[in-house]
Amino acid sequence: MTHKRRELIQYAIFAAFIIAVPLVFRGRQSYYVSMLALSGIYAIVALGLNLLMGFAGQISLGHAAFFSIGAYTTAILSTRLGWQPIAGLLPAVAVSGFAAFVIGLPTLKLKEHYLAMATLGVGLIAYSLIKADPGGITGGVTGIVNIPPLVIGGFTFDSDRSQFYLIWAVAFLIFALSFNIIDSRIGRALMAIHKSEVSASVLGVNVFSCKLQIFVLSGMYAGLGGFLYAHCSPMYYLNPDDVCHFSLSIKLLTMVVIGGMGSMWGTLLGAVGLSILPEVLRMLGSLFPGVNTTDIEMAIYGLVLAVIMIASPRQRLKKWLRLDKPRRVEPPKDVEV
Amino acid sequence: MAHLQVQGLHKTFDGITAVNDLYFDVRRNEICAIIGPNGAGKTTTFNLLSGVLPADRGKIFFDGNEILGLPPHDIARRGMVRTFQTVSLFDSMTVLDNVKVGCHGKAGAGLFSAALRTPGLRREEKEITKKAMEALKLLGVADRAYDQAGSLPFGQQRLVDIARALASDPEMILLDEPAAGLNAHETTELASLILALKNRGLTVMIIEHDMELIMEIADSIVVLDQGMKIACGPPADIQKDPRVITAYLGDED
Amino acid sequence: MFPDQILQFLLSGLTIGSIYALIALGFTIIYNTTGIINFAQGEFVMLGGMFMVGCTRLLHLPLPVGMLVTIMAVMLVGALIERLAIKPARNKSIVTLIIITIGVSIALKAAVAFFSKDSFTYPPFPGPEHVSIGNASLPGQSLWIMGTAGCIMAALWLFFHFTIRGKAMRACAINREAANIVGIDVEKMSLLSFGLSALIGAIAGIVVTPTTQMAWYRGTELGMKGFCAVILGGLGSSPGAVIGGLLLGLLETFGNYLFSGYRDAIAFSIFLLVIFIRPQGILRRK
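Residues numbered from 1 in each chain as written. Chains lettered and ligands numbered in written order. Predicted model: local features only at pLDDT ≥ 70, side-chain atom pairs only at ≥ 80, totals over all residues. Heavy atoms only, no water.

Colleague: An account of the overall build of chain A is requested, with residue identities and associated values reported.
Modeller: Assigned secondary structure in chain A consists of 14 helices and 2 strands. For chain A, the C-alpha atoms occupy an extent of roughly 60 × 50 × 45 Å along the three principal directions. Each of the 337 residues in chain A was classed as buried or not, and the buried ones make up 55%. The long-range share in chain A, meaning contacts at least 24 apart out of those at least 6 apart in sequence, stands at 77%. When the accessible surface of chain A is summed, it comes to about 14300 Å², and 66% of that surface belongs to carbon and sulfur atoms. Computed over 25 positive and 16 negative side-chain charges, the separation of the two mean positions in chain A equals 8 Å. (Helix = DSSP H or I, 4+ residues; strand = E, 2+ residues; numbered from the N terminus. Buried < 20%, exposed > 50% of the residue type's maximum accessible area, 1.4 Å probe, protein only. Contact = heavy atoms within 4.5 Å. Areas by Shrake-Rupley, 256 points an atom, 1.4 Å probe, with all protein chains shown as cover. Lys, Arg positive; Asp, Glu negative; His and termini not counted. Charge placed at Lys NZ, Arg CZ, Asp CG, Glu CD.)

This is the structure we're talking about:
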């Protein structure tokens, strides 16, 4: 089977899953559809984070900040200035991307620690600013209510099912675009940088510019996720604790780590899996009254992050399944070897 | 005009002088070897030339343009590329993709055309693939193009490493001990390869310990000892130079 | 701004700056010995405060005993982190180590939150309630904070310059490989650095809690401030950590007067400004 063919089959399975979910969960179970819709939003953001972590070898501990910048930008435009919801898309993505640019510009020339700390800081600051609301635009702790749903071409995305399809269509698109990026000049340069910055640079790769581009892109993905969240969130309501808290940044980080940094399919599964986790914990929690499941969720993230990084179970699994042997890729037909 | 002019190049590490007020020229389309005992500052010189390390002072003219202080990728894009003593292929990528990275500076597709797979990008991709395959063919490892780079035997990795540097059609290549770790047969092939590069119009600088190889292929030799140039000239002169003999064998008194 | 006010700000700035300096020293010790930025550094401070809350308010231990127990407990946590999380991942990439320490930090936070999500404090240490210097007035605890910080800095200086262990750690900071070659047990030094950082963090937490509130989530913010101080003084420099901490405390206090309510944003802006203009810190040459 050629590379191209396998890729197409994978995409087809992915699309089939998307189409099937709302058809399977109906009636009383439609709650799961809205939960999985939310996981699609996280998947978009996590895919960007995966590009940054798995390919550029950088780390962001504050992606919730970019997410909330996107969400608040569009929410403010559509509620306070009366913009059409869809008109907020470009500003949301652009402002998030610009924020990433400002953070990345000084930090990406330095060691990985600096971006990690800077993003951690930006997350804390964004949270406290949104909560304190100095400009009187974010609504402070109460947040922003009555955000209008998206209207595209006369169709209003206000049901669980329509929002699910919209979100996952975007996620599918972002997934395909990200694959294209990996399989391009920039993608190869990023993988080269990840292995050795010096080797990449003497081959003509502008290391700093590549890293900055991918960081801005991941900020834009987060902004896009925030945009979708604002217009599709349950109750059309934004609140700093939901969109900007440090724990969201950690949740996104864990999605990427659990799926295996650098694996796009893994990130997708990680995003869906961790979106379901609170529900699973809530069910288990009802068996143990008095236990706060959100604390347990946090503890799980922390332990998962540390343990996966220490024990690298993915490599072990690959070794055990004998998948770690060097592979030979099938050459495309139009290239003579 | 010389292809490369090095004037007063100087570099110290924590007070230890690694390269000491170095002057030399490399003519266009010659093979220039840098030799000297261990710790003579050969690799440091390459690191300064390629912009990997900043110099303390001095000037480097490549094609008549000052390149000292430029970032490594800029120097590479101007046509001076290098390899390292230790081969570091991007081992999880295929051989072909490794070499394609070498074309990075010559191509211009950005994130958005890549994400959208524009026709322009596809054309460029094809062009890059062609270039990379040509470089692999030149080095005789085209049959391994679709193998994972890390799975190749050491000798072939070295060839891929050189192919990667050549993929951008450079004017000048700096080879840092390319024969290290190769067997006699591979070394002979390497020698003819370097001569082939010269025939294609490249200027070659080479650091090497294998004197037989150097004497066979080099047009000129720069001898370094403790960061200083102690001799330079054609191989025949260098072989007879008493200072060189002293530096290599030690003072016999 | 009146001269009295300036003196007042100076004193409160130096008080909080001493805490930042201690946290910054914790970062520096681990970074110099192991090359790791310990993102759980702020958690040591939080644990110091919270254990002390437990010792004084739950177990009703006398102050000195409570301190001793707290310090030992936090040092044990530090040592366990090094043995269980850092040592097995010794040779992995920077990003991997960042994720490990951040994971540990979250797990610690969650563990404390599991017991209580409230904010706690305990009475200041014995001494005058307020001290007047000129027309400025300072809580007595501030003297404890600055005094303790001063003592720790002096003790560290003696340790690094006059003991064989301290000298070995400094050797690791200069060149880890060379230190290994000359027979310094780098792994033991790594353990020691985590223990020492935990010790300093715990003390910072113990002395700062009476002037503020301690809660499970405070570590991240304190750690962030400490790191800002590190960057301000130059990553890897101990005098830089101290000066950076004090300076950050002052800038924050004066800045808070000018733009009230944006204490955290001020620290972070300083951080971005420094890495933009002078990434090597204010003390170091390029």
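Colleague: Give a detailed account of the nonpolar core, specifying residues and quantitative values.
Modeller: Ile59(A), Ile214(A), Leu238(A), Phe39(C), Ile81(C), Ile102(C) and Phe271(C) are the most contacted members of the largest nonpolar core, which has 206 residues in total. Not counting residues up to four positions away in its chain, the partners in contact with Phe39(C) are Leu61(A), His113(A), Ala116(A), Met117(A), Leu120(A), Ile98(C), Thr101(C), Ile102(C) and Ser105(C). (Core = buried A, V, L, I, M, F, W, Y, C linked by side-chain atoms within 4.5 Å.)

Colleague: Account for the interface of chain B and chain A, naming residues and giving values.
Modeller: Listed by partner, the interface residues are 44 residues for chain B and 39 residues for chain A. Here chain B and chain A share an interface that buries about 3500 Å² over both sides, 62% of which is from carbon and sulfur atoms. Three residues stand out in chain B for area buried against chain A, namely His104(B), Leu111(B) and Tyr146(B), and they jointly supply 22% of the buried area on that side. Our count for the contact surface shared by chain B and chain A stands at 3 salt bridges. Our enumeration of links across chain B and chain A arrives at 10 residue pairs in polar contact (both at pLDDT 80 or more). Of all elements in the fold, only helix H2 (72–77), strand E6 (80–82), helix H3 (95–102), helix H4 (111–116), helix H5 (119–139) and helix H6 (154–166) of chain B reach the threshold of two or more residues within the side of chain B that touches chain A. If one sorts the elements of the side of chain B that touches chain A by residue count, H5(B) sits on top with 6 residues. (Buried area = accessible area lost by both parts, 1.4 Å probe. Salt bridge = Lys/Arg side-chain N within 4 Å of Asp/Glu carboxyl O. Polar contact = N/O pair within 3.5 Å; in protein donor to acceptor, adjacent residues only side chain to side chain.)

Colleague: Could you give an account of the interface of chain C and chain A, naming the residues involved and the relevant values?
Modeller: Chain C puts 41 residues into the contact, and the matching count from chain A is 44 residues. Carbon and sulfur atoms supply 82% of the area that chain C and chain A bury against each other, a total of about 3500 Å² over both sides. Among the residues of chain C in contact with chain A, Val95(C), Ile99(C) and Ile106(C) are the three that bury the most area, contributing 16% of the side total. For the pair chain C and chain A, the number of links is 0 salt bridges. Across the chain C-chain A interface, the total number found is 4 residue pairs in polar contact (both at pLDDT 80 or more). Listed by contribution, the elements that provide at least two residues to the side of chain C that touches chain A are helix H1 (3–34), helix H3 (63–86), helix H4 (94–115), helix H9 (218–233) and helix H11 (263–277) of chain C. Considering every element that reaches the side of chain C that touches chain A, the biggest residue donor is H4(C), with 15 residues. By residue class, the composition of the side of chain C that touches chain A is 31 nonpolar, 5 polar and 5 charged. (Nonpolar A, V, L, I, M, F, W, Y, C, P; charged D, E, K, R; others polar.)

Colleague: Account for unusual backbone geometry, naming residues and giving values.
Modeller: Of note, Asn146(A) is a non-glycine position whose phi angle comes to about 55 degrees, a positive value. Structurally, the position occupied by Asn146(A) is in the loop between helix H5 (112–132) and strand E1 (150–152).

Colleague: Give a detailed account of the confidence of the model for chain C, specifying residues and quantitative values.
Modeller: In this model, chain C carries an average pLDDT of 90, and 99% of its residues clear a pLDDT of 70 or more. Confidence estimates for the predicted assembly give a pTM of 0.90 and an ipTM of 0.88. (pLDDT = per-residue confidence, 0-100.)

Colleague: Please set out the packing of helix H13 (residues 293–311) of chain A against H4(C) residue by residue, giving values where relevant.
Modeller: H4(C) packs onto H13(A) with a crossing angle of 155 degrees between their chain directions and a minimal axis gap of 7 Å. One way to sum up the angle between H13(A) and H4(C) is to call them roughly antiparallel. Our pair here, H13(A) against H4(C), has a crossing hand that is left-handed. Contacts between H13(A) and H4(C) involve Asp295(A), Ile296(A), Met298(A), Ala299(A), Gly302(A), Leu303(A), Leu305(A), Ala306(A), Met309(A) and Ile310(A) from the former and Thr96(C), Ile99(C), Ile100(C), Ile102(C), Gly103(C), Val104(C), Ile106(C), Ala107(C), Ala110(C), Ala113(C) and Phe114(C) from the latter. Looking at the contact of H13(A) with H4(C) residue by residue, the class counts come to 17 nonpolar, 3 polar and 1 charged. (Axes fitted to C-alpha atoms, helices over the stretch in contact; angles between N-to-C directions. Parallel < 35°, antiparallel > 145°, perpendicular 65-115°, else oblique. Left-handed = near helix turned anticlockwise from the far one by under 90°.)

Colleague: How would you explain the sheet that holds strand E9 (residues 220–225) of chain B if you had to name every residue and give the values?
Modeller: Residues and elements named next belong to chain B. Overall, mixed pairing links the 6 strands, which are arranged E6-E7-E8-E3-E9-E10 in an open sheet. The open sheet has two edge strands with one neighbour each: E6 and strand E10 (228–233). Between one strand axis and the next, the sheet turns by 15 degrees as a mean value, whatever way the strands run. Pairing of strand E3 (residues 31–35) with strand E8 (residues 203–207), which is carried by 4 bridges, proceeds in the parallel orientation. Bridged to Ile31 within E8 is Val204. Sitting on the sheet, helix H1 (residues 42–49) touches E3, E6, strand E7 (172–176), E8 and E9, and the angle it makes with E8 is about 145 degrees. (Pairing = 2+ DSSP bridges.)

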